[in-house]
Amino acid sequence: MDFDEFIKERTGCSSIVPGFAVWEVDNSDYLLNVDFPEMHIQLFIERGTMSVLIDNQKTFLLSNSIVDILHSRMFVTKASDDISAIFILTTETFVSNFINNKPPFSINYIMEMLEHPVLLLNQGQSATMKERLKLLLNLFGLRSHYHQYEMVKCALWMVYLEMSNIFMHQKEDENNSSETDWKRMLFMKFVKLIPLYIKNEHSIG
């Protein structure tokens with residue numbers, strides 16, 4: 001099944017240009033045993049959980065998470081009854097033309113997503129991502145707007161930039177946490193050395 005055939009069979013899936021569609025899902029029945037062909041998939045889970053196979057690797061997806069699958073296959077094995085999710089589906093051709101050699105993502109982001117394609121969001125990040133995606137979905141409804149596609153492209157770019165921003169902040173927090181842990185370890189070593197040497201050594205060194 002190719003990209004066009006796939007999106008035509010999806011209830012609630014919208015597309016205004018070849019190679020690009022958005023799919024809003026709030027019914028677990030729509031996701032059961034869905035086999036995504038090889039494509040780019042950005043998935044935001046606002047509520048509920050999903051069990052999927054990404055290139056045959058089992059992954060359990062939680063609410064308030066983003067999944068960024070770069071040109072791979074995904075198969076949904078189970079979705080909770082309370083599922084609420086939004087998919088951005090694109091072909092390699094569309095993404096290449098859309099980005100046009102100016103990717104909104106860093107190389108680190110791409111490498112990380114290839115290995116671990118899931119980002120867990122805090123409440124603020126989740127609320128912001130929901131706003132970005134709702135704007136994108138609403139623009140798909142403006143069929144009579146002369147500049148609909150240009151506005152949709154801007155909204156999609158904003159979604160990509162938001163994902164990149166979330167990734168960079170999370171990496172920054174991880175680095176700060178690692179630095180703090182290292183400083184704490186050095187301090188504890190220092191404290192343990194004090195009773196051993198305090199009678200002989202009084203200098204700062």
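Described below are features of the structure shown in this document.

Definitions and cut-offs
Residues numbered from 1 in each chain as written. Predicted model: local features only at pLDDT ≥ 70, side-chain atom pairs only at ≥ 80, totals over all residues. Heavy atoms only, no water. Helix = DSSP H or I, 4+ residues; strand = E, 2+ residues; numbered from the N terminus. Buried < 20%, exposed > 50% of the residue type's maximum accessible area, 1.4 Å probe, protein only. Pairing = 2+ DSSP bridges. Contact = heavy atoms within 4.5 Å. Patch = residues over 30% accessible without salt bridge, like charges linked within 9 Å, V, L, I, M, F, W, Y side chains within 5 Å. Areas by Shrake-Rupley, 256 points an atom, 1.4 Å probe, with all protein chains shown as cover. Salt bridge = Lys/Arg side-chain N within 4 Å of Asp/Glu carboxyl O. Lys, Arg positive; Asp, Glu negative; His and termini not counted. Charge placed at Lys NZ, Arg CZ, Asp CG, Glu CD. Polar contact = N/O pair within 3.5 Å; in protein donor to acceptor, adjacent residues only side chain to side chain. Core = buried A, V, L, I, M, F, W, Y, C linked by side-chain atoms within 4.5 Å. Expected span 1.5 Å × (residues − 1). Arc of directions from axis to C-beta.

### Topic: the overall build of the protein
Line of reasoning, step 1. In terms of helices and strands, the protein carries 5 helices and 8 strands.
Line of reasoning, step 2. Shown N-terminal to C-terminal, the secondary structure of the protein runs as helices and strands in the order α-β-β-β-β-β-β-β-α-α-β-α-α.
Line of reasoning, step 3. Counting only residues that meet the buried cut, the protein has 39% of its 205 residues in that class.

### Let's talk about the pairing of strand E3 (residues 35-47)
Line of reasoning, step 1. With 8 bridges joining them, E3 and strand E6 (residues 65-79) adopt antiparallel strand pairing. By the bridge assignment, Ile41 is partnered in E6 with Ile69.
Line of reasoning, step 2. Pairing geometry for E3 and strand E7 (residues 84-90), over 7 bridges, is antiparallel. Across the sheet, residue Ile41 finds its bridge partner in E7, namely Leu89.

### So, the side chain of Ser65
Line of reasoning, step 1. Here Ser65 shows up in strand E6.
Line of reasoning, step 2. Here Ser65 falls in the buried class, since its relative accessible area comes to 0%.
Line of reasoning, step 3. Ignoring anything within four residues of it in the chain, the contact list for Ser65 reads Leu43, Phe44, Ile45, Val118, Leu119, Leu120 and Leu121.

### A short note on a negative patch on the surface
Line of reasoning, step 1. Taken together, the side chains of Asp2, Asp4, Glu5 and Glu9 make up a negatively charged region of the molecular surface.
Line of reasoning, step 2. Here Glu9 is to be found in the loop between helix H1 (3-8) and strand E1 (13-17).
Line of reasoning, step 3. Among the residues examined, Glu9 registers a relative accessible area of 49% and is labelled partly exposed.

### Comments concerning the environment of Asp82
Line of reasoning, step 1. Position of Asp82 relative to the elements: it lies in the loop between E6 and E7.
Line of reasoning, step 2. For Asp82, a relative accessible area of 37% corresponds to the partly exposed category.
Line of reasoning, step 3. Remark: the alpha-carbon pair of Asp82 and Arg47, spanning 35 residues in sequence, is separated by 6.7 Å.
Line of reasoning, step 4. Setting aside its immediate chain neighbours within four residues, Asp82 contacts Arg47 and Gly48.
Line of reasoning, step 5. Reaching out from Asp82, the side chain makes a polar contact with the side chain of Ser80 at a distance of 2.6 Å.

### Focus on the pattern of salt bridges
Line of reasoning, step 1. Applying the stated criterion to the full structure yields 5 salt bridges.
Line of reasoning, step 2. A salt bridge links Lys134 to Glu24; its shortest N-O distance comes to 2.7 Å. Remark: Glu24 occurs in strand E2 (residues 20-25) and Lys134 occurs in helix H4 (residues 123-140); sequence separation between them is 110 residues.
Line of reasoning, step 3. Taking the relative accessible area as the measure of exposure, Glu24 reaches 35% and is therefore partly exposed.

### Some thoughts on the nonpolar core
Line of reasoning, step 1. Core analysis: the largest hydrophobic core is formed by 31 residues, its most contacted members being Phe20, Met129 and Leu136.
Line of reasoning, step 2. Per-element accounting of this core gives the leading share, 8 residues, to helix H5 (residues 148-197).
Line of reasoning, step 3. Counting residues in each nonpolar core, the second largest holds 27 residues, with Ile45, Ile54, Ile69 and Ala79 among its members.

### Some remarks on H4
Line of reasoning, step 1. Its 18 residues give H4 an end-to-end C-alpha distance of 26 Å, which sits within 8% of 26 Å, the value for a rise of 1.5 Å per residue.
Line of reasoning, step 2. Turning to H4, its buried residues number three or more, namely Gln125, Ser126, Met129, Leu133, Leu136, Leu137, Leu139 and Phe140. The buried residues of H4 occupy one face: seen down the axis, they fall within an arc of 165°. Seen from the buried face of H4, the exposed residues on the opposite side, beyond 90 degrees, are Gln123, Glu131 and Asn138.
Line of reasoning, step 3. Measuring from the side-chain oxygen of the N-cap residue of H4 to the backbone nitrogen of Gly124 gives 3.1 Å; that N-cap residue is Asn122.

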